[in-house]
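Below, each chain spelled out in residue letters.
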Amino acid sequence: MENKTIRLIYPQWQGADIARWIPQLDPEEASRGYYLGSMLLEFLAPKSDCETFSVPVSTDISKRTASGGVLDRDVLALQTKGALDTLKIANPDKVVTLGGECSVSVPVFTYLADKYSDDVVIVWIDAHPDITLPGDDYTGYHAMALSAIMGNGATEIIGQLPVKISPERICLAGLRECEYPYIEKRVDDFGLAHFSPAELASNSEPVIDWLRKSGASKVMIHFDMDVMDPADILAAVADDPEGGLKLKEVVRLINDVAREKELVALTVAEPMPRLAIRLKQMLSELPLL
């Protein structure tokens, strides 16, 4: 039987608390920027014969509160259920997810890990490790995405997930910013394999070698746009100092991984369309009849 691949549009933005880092944008528009980013990814992506599904995501920004150390926890729990329900109905073997902030990978990856058991691993391409926990300095759930995948975090969310994925089945690629010393220590405490942009700039061999040693036949790739050097392309929120991967290096890495193992999930996450948001604001102020 032929594998079923779906495209999942998942414009979740509530997991992020980012307006402060984009002062040139209206705070509400910046906060919801990943919603528009997801829509633009869908518009720009090549046409596909695979079926497309959309996860219902609220755009209400009127009452943003932290519960149990997680901003917008209850909304995120509800939307996580919506994503899992969508996956159960679609019953895919492979998923291309267009997000949305990083936590859009959480229900997708755990759903597929349940399907493939120990025969699938994760390559998490990101400037950050996304392993914060409720109670840490930052309450945005997108920075807790990998923690949730590993079974750590708010029970209201992770209690819905079908499985947890052990750290030895996860590789961090392009890591260059842990933000807090305790997060850097946590990477080592969890035993997460990790490779810097410098280690991957000329070739993908460190990740390919890790994949070969994993013993798995399948791989899920998470691609957070902030892994890229903002001097090459500014597509994400963070304008971290130079030293990230170049766009062509990320494309090469993803394609090398997909050639080495069967690709069953690819997430493109955290596009922040600054120009589109500013144009949207401009249009709203014009006398368009």
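As a reminder, the structure under discussion sits directly above these lines.
One structure accompanies this document, and this report is about it. (Residues numbered from 1 in each chain as written. Predicted model: local features only at pLDDT ≥ 70, side-chain atom pairs only at ≥ 80, totals over all residues. Heavy atoms only, no water.)

For the rest of this paragraph, the subject is the side chain of Glu249. Mapped onto the secondary structure, Glu249 falls in helix α10 (residues 247–260). We note that Glu249 is buried and unpaired, the nearest opposite charge coming from Arg252 at a distance of 5.1 Å. Reaching out from Glu249, the side chain makes a polar contact with the backbone nitrogen of Lys246 at a distance of 2.9 Å. (Helix = DSSP H or I, 4+ residues; strand = E, 2+ residues; numbered from the N terminus. Buried < 20%, exposed > 50% of the residue type's maximum accessible area, 1.4 Å probe, protein only. Lys, Arg positive; Asp, Glu negative; His and termini not counted. Salt bridge = Lys/Arg side-chain N within 4 Å of Asp/Glu carboxyl O. Polar contact = N/O pair within 3.5 Å; in protein donor to acceptor, adjacent residues only side chain to side chain.)

Turning our eyes to something else, we now look at the packing of aromatic side chains. Here the structure, examined in full by the defined rule, presents three aromatic pairs. Where Phe109 meets Trp124, the ring centres are 6.2 Å apart and the plane angle is 90°; that geometry is what we call edge-to-face. Of this pair, Phe109 sits in helix α4 (residues 105–116) while Trp124 is found in strand β6 (residues 120–125), placing the two residues 15 residues apart along the sequence. Summarising the burial analysis for this pair, Phe109 and Trp124 share the class buried. The interplanar angle of 10° and the centroid separation of 5.3 Å between the aromatic rings of Tyr180 and Tyr182 together place this pair among those described as stacked. On the basis of relative accessibility, which here comes to 29%, the residue Tyr180 falls in the partly exposed class. Judged by its relative accessible area of 28%, Tyr182 falls in the partly exposed class. (Phe/Tyr/Trp six-rings, centres within 6.5 Å; stacked < 30°, edge-to-face > 60°.)

Turning our eyes to something else, we now look at the sheet that holds β6. Within the open sheet, the eight strands sit side by side as β2-β1-β5-β10-β9-β6-β7-β8. Their pairing is parallel. What marks the edges here is a single partner per strand, and that holds for β2 (51–54) and β8 (193–195). Each adjacent strand pair in this sheet contributes to an overall mean axis angle of 15°, direction not counted. Where strand β5 (residues 94–99) meets strand β10 (residues 262–269), four bridges bridge the pair, whose relative direction is parallel. When the sheet's bridge partners are listed, Leu98 is paired in β10 with Val268. Across the sheet, helix α2 (residues 33–44) touches β1 (5–10), β2, β5 and β10, and the angle it forms with β5 is around 130°. The sheet contacts of α10 involve β6, β7 (170–173), β9 (218–224) and β10, and relative to β9 the element is tilted by about 165°. (Pairing = 2+ DSSP bridges. Axes fitted to C-alpha atoms, helices over the stretch in contact; angles between N-to-C directions. Contact = heavy atoms within 4.5 Å.)

Take a nonpolar patch on the surface next. Together, Leu275, Leu279, Met282, Leu283, Leu286 and Leu288 make up an exposed nonpolar region whose accessible area comes to about 570 Å². Checked against the element boundaries, Leu286 lands in the segment after α11 (274–284). (Patch = residues over 30% accessible without salt bridge, like charges linked within 9 Å, V, L, I, M, F, W, Y side chains within 5 Å. Areas by Shrake-Rupley, 256 points an atom, 1.4 Å probe, with all protein chains shown as cover.)

Summed over all chains, the structure comprises 19 salt bridges. Its salt-bridge partner being Asp118, residue Arg169 comes within 3.4 Å of it at the nearest N-O pair. Of the two residues, Arg169 sits in the loop between α6 (155–158) and β7 while Asp118 sits in the loop between α4 and β6, which places them 51 residues apart along the sequence. By relative accessible area, which is 12% here, Arg169 ends up buried. The salt bridge involving Arg186 is made with Asp136; its shortest N-O contact spans 2.7 Å.

Now for the side chain of Arg7. Inspection of the secondary structure assignment puts Arg7 in strand β1. In this structure, Arg7 is buried with no salt-bridge partner, the nearest side chain bearing the opposite charge being Glu42 at 7.0 Å. The residues touching Arg7, leaving out its near neighbours within four places in the chain, are Ala45, Pro46, Ser48, Cys50, Glu51, Thr52, Phe53, Val96 and Leu98.

Here β5 lies mainly inside the structure; five of its six residues are buried. Pairing between β1 and β5: six bridges, direction parallel. In the sheet register, Thr5 faces β5, and the bridge partner there is Lys94.

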